Amino acid sequence: MNESVYTLPAMPAARQPGCPFDPPKELVEAREHGPISRFVFPDGHEGWLVTGYELVRAALADPRFSSRKELMRHHPLIDFGDIEVPPAPPGEFLLMDDPQHSRYRKPLAGKFTVRRMRLLTERIEQVTAEHLDAMEKAGPPTDLVTAFAKPVPAVMICELLGVPYEDRGFFQENVEKFMDGQTPDEELIAAYTAVQTYLAELVAAKRANPTDDVLSDLIEGDLTDEELRGVSLVLLAAGLDTTANMLALGTFALLRNPAQLAALRADPSLTEPAVEELLRYLTVAKTSIRTTLEDVELGGHTIAAGSAVILSYNTANRDPGRFSDPHVLDLRRQDGGHLAFGHGIHQCLGQQLARIEMRVAFAALVRRFPTLRLAVPAEEVVLRPETADIMGVNSLPVTWDA
Ligand code: HEM
């Protein structure tokens, strides 16, 4: 029974003025019509859009919804035309199904456990403090993105992968270029190639001379050099922009909600729930896309085999059927279980690392700068367009009483 289903004609290009943290109203309206809608992709092809919490979660847990890259013929924003999409290169397991996916995820899983990540806490505190010291020394105003939100997660990924200290500048600069969604094509290709070449050399260096890091650990297994390069690229792509934008957009959201910010500053025990609530409220990784491998019943509709299905995490995380007052940022919220890290076999591998980074970073930032505020009117903070995979701000001018 596919009758009377709402159709969203296209992906909205922007959020509503004055509501930088809310999903575009067109998506919220789609969810109000029902948890599942039809969606017209830019090539004119009709697929599906899932916006309700329970159905997004169900689809993510269902192996009939595939992540395979070569099946993704329809992009929510780009008309691919007749281009054949190749399968994911070896090691790029985010865009694979099991069993291929687990060949890479399994050996990595043990490196990202809560226990392993807790051991990293001290180092994260140190890196965070170093960046706050530098901010304080340089004095106000500053761009929080370049001074804090980007470099802290970047240092942690470099250490995890074992990128030598002297290469960090080159490495970070190039990775940033292909992550910010705004670099011109030619520069983008050059940056991507430079990172690929660098990773190939890094893998060779770790094989010859293993050190104490995730990449050296992985080399002991049976992955080829090409696969190791692919795995490293996934870790970079998945771990950098996401955490950086959570830190920047999260700070912006706290500054726009002074009572919540004051509560966090007054009560450090609020840090853990605050991070979970910011994850839910902001949902910077907004959507995933899947392709059905066979006909699937979802929410009373038959999704034909081969359909493209957009799973909207940000509307799911604002579903009033799951969260009370979903559009309110409430750091004391009790109803956990957000989908900001996804769910199912692809659920974020780096979530414990991201959580610890955010807990340490937000707590230290609000403690160190009690008078932190925006250095420009809030309306002048430029949000990334909805075309960016990860929501956020590319700069956040802040100031404080020195
Ligand atoms: C706040 C920061 C982060 C957010 C919001 C986030 C979000 C997500 C989401 C939603 C997915 C699922 C994608 C899908 O199902 O298609 C994912 C997967 C993944 N994330 Fe994260 N992530 C964050 C930080 C990190 C960090 C720090 C790392 C690693 C160092 C990381 C590594 C990964 C990997 C490797 C995957 C793919 C897992 C798989 O395919 O099995 N993420 N992340």
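For the structure, check the block above.
What you see is a predicted model, and the numbers here were worked out from it, not measured in a lab.

A. How the structure looks around the pairing of strand S6 (residues 287-292). Within S6, 5 of the 6 residues are buried, leaving the element largely enclosed by the surrounding structure. For strand S4 (residues 65-66) and S6, the ladder comprises 2 bridges, and the chain directions are antiparallel. Residue pairing for S6: phenylalanine 65 is matched across the bridge by threonine 292. Pairing analysis gives 5 bridges linking S6 to strand S9 (residues 308-312), with the strands arranged antiparallel. Residue pairing in the sheet places isoleucine 289 in a bridge with isoleucine 310 of S9.

B. Inspection of the coordination of the iron atom of the ligand at higher detail. You will see that the iron atom of the ligand has only one donor from the protein, Cys348 (SG), lying 2.3 Å away. Checked against the element boundaries, cysteine 348 lands in the loop between helix H14 (313-316) and helix H15 (351-368).

C. Examining unusual backbone geometry more closely. Cis geometry is adopted by the peptide bond preceding proline 99, which originates at aspartate 98 and carries an omega value of 10°. In this structure, proline 99 sits in the loop between S4 and helix H3 (100-109). Cis rather than trans, the peptide bond between proline 140 and proline 141 has omega equal to -10°. Looking at the element boundaries, proline 141 is found in the loop between helix H5 (121-138) and strand S5 (142-143). Non-glycine residue threonine 283 carries a positive phi angle of around 35°. At aspartate 325, a position not held by glycine, the phi torsion is positive, near 40°. Mapping aspartate 325 onto the fold places it in the loop between H14 and H15. Classification of aspartate 325 as exposed rests on a relative accessible area of 57%.

D. Spatial organisation of the pattern of salt bridges. A complete count under the given rule lists 22 salt bridges for this structure. Connected through shared salt-bridge partners, Glu277, Arg280, Arg333 and Asp335 make up one network.

E. Highlighting the sheet that holds S6. Pairing is mixed in the open sheet, where 6 strands are placed in the order S1-S2-S3-S9-S6-S4. The sheet is open, and its two edges are formed by strand S1 (7-8) and S4, each paired on a single side. Of the strand pairs in this sheet, S1 and strand S2 (residues 36-40) are connected by 2 bridges, and their pairing is parallel. If you follow leucine 8 over to S2, its bridge partner there is phenylalanine 39. Sitting on the sheet, helix H2 (residues 53-60) touches S2, strand S3 (46-50), S4, S6 and S9, and the angle it makes with S9 is about 125°.

Parameters at a glance
Residues numbered from 1 in each chain as written. Predicted model: local features only at pLDDT ≥ 70, side-chain atom pairs only at ≥ 80, totals over all residues. Heavy atoms only, no water. Buried < 20%, exposed > 50% of the residue type's maximum accessible area, 1.4 Å probe, protein only. Helix = DSSP H or I, 4+ residues; strand = E, 2+ residues; numbered from the N terminus. Pairing = 2+ DSSP bridges. Donors = N, O, S within 2.8 Å, 3.2 Å for Na, K, Ca; no water. Salt bridge = Lys/Arg side-chain N within 4 Å of Asp/Glu carboxyl O. Contact = heavy atoms within 4.5 Å. Axes fitted to C-alpha atoms, helices over the stretch in contact; angles between N-to-C directions.

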